[in-house]
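# Summary of the model geometry
Residue strings, one per chain:
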Amino acid sequence: MSIFSKIKSAIFGEHGPLGSGHFGTPKADAPAPAPTPQTTAAQPAPTPAAPAPQAAPAAPAQPVDVEAVLSGIASKKGSDLNWRTSIVDLMKLLDLDSSLDNRKELATELGYTGAKDGSAEMNMWLIKAVMRELEKNGGTVPANLKD
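Every value quoted in this text rests on a predicted model; they were computed, and no experiment measured them. (Residues numbered from 1 in each chain as written. Predicted model: local features only at pLDDT ≥ 70, side-chain atom pairs only at ≥ 80, totals over all residues. Heavy atoms only, no water.)

We now examine the overall build of the protein. Scanning the protein for helices and strands turns up six helices and two strands. Looking at the 147 residues of the protein, the share that counts as buried comes to 29%. Nonlocal contacts in the protein, meaning residues at least 24 apart in sequence, comprise 47% of its contacts between residues at least 6 apart. Accessible surface, the protein: about 9,400 Å² in total, of which carbon and sulfur atoms supply 55%. (Helix = DSSP H or I, 4+ residues; strand = E, 2+ residues; numbered from the N terminus. Buried < 20%, exposed > 50% of the residue type's maximum accessible area, 1.4 Å probe, protein only. Contact = heavy atoms within 4.5 Å. Areas by Shrake-Rupley, 256 points an atom, 1.4 Å probe, with all protein chains shown as cover.)

Okay, structure coming up:
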């Protein structure tokens, strides 16, 4: 799983603070198969039932307020991490490995073209790029977090 996918899953996904089904269609248990009617030679075979009408498509998922979710996680953890401006703090908040190797991998995934040396420039670019990508994937992100 990519580093960005892990970030996205921690915020939107099944294991994120919003639980199963917040981002997309809720998971439903598989319905039990209908019992097959038993026929004998003395009974006529039942006529097939008309196909069941298809359910209406699920309503589109509501956008996820990324800032509210992350603030909520920080509040629950009693954290004072500066996730709004620090990619390292964001990754720590989400219990992800914030090592330079992982940040280099994230930089590659998101198309960073500068030196992948862990510089302030790279890290500032990463936090804004992550916020932009979260927005592209169904999150709402305030302008000051992505620009």
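Text resumes after the structure shown.
Our next topic: the packing of helix α4 (residues 100-110) against helix α5 (residues 120-136). The geometry of α4 relative to α5 is characterised by a closest axis approach of 10 Å and an angle of 55° between their N-to-C directions. When the interaxial angle is binned, α4 and α5 end up oblique. As for the relative orientation of α4 and α5, their crossing is left-handed in sense. On the side of α4, the interface is formed by Leu 100, Arg 103, Lys 104, Leu 106, Ala 107 and Leu 110, while α5 contributes Met 122, Asn 123, Trp 125, Leu 126, Ala 129, Val 130 and Glu 133. (Axes fitted to C-alpha atoms, helices over the stretch in contact; angles between N-to-C directions. Parallel < 35°, antiparallel > 145°, perpendicular 65-115°, else oblique. Left-handed = near helix turned anticlockwise from the far one by under 90°.)

For the rest of this paragraph, the subject is the environment of Ala 10. Locating Ala 10 in the fold gives a position in helix α1 (residues 3-12). For the pair Ala 10 and Met 91, spaced 81 residues apart in sequence, the C-alpha separation works out to 9.9 Å.

On the surface, Asp 97, Asp 101, Glu 105 and Glu 109 cluster together to form a negatively charged patch. Summarising the element assignment, Glu 109 is placed in helix α4. (Patch = residues over 30% accessible without salt bridge, like charges linked within 9 Å, V, L, I, M, F, W, Y side chains within 5 Å. Salt bridge = Lys/Arg side-chain N within 4 Å of Asp/Glu carboxyl O. Lys, Arg positive; Asp, Glu negative; His and termini not counted. Charge placed at Lys NZ, Arg CZ, Asp CG, Glu CD.)

Time to look at the pattern of salt bridges. With the rule as written, the count across this model stands at four salt bridges. With a closest N to O distance of 3.4 Å, Arg 84 and Glu 67 form a salt bridge. Taken together, the residues span a long stretch of sequence, with Arg 84 in the loop between α2 (66-77) and α3 (87-93) and Glu 67 in helix α2 at a distance of 17 residues. Relative accessible area serves as the criterion here: at 35%, Arg 84 is assigned to the partly exposed category. For Glu 67, a relative accessible area of 24% puts it in the partly exposed group. Notably, a salt bridge pairs Asp 95 with Lys 77, separated by 2.9 Å at the nearest N-O pair. Placement of Asp 95 in the loop between α3 and α4 and of Lys 77 in helix α2 is noted, with a sequence separation of 18 residues between them. Taking the relative accessible area as the measure of exposure, Lys 77 reaches 41% and is therefore partly exposed.

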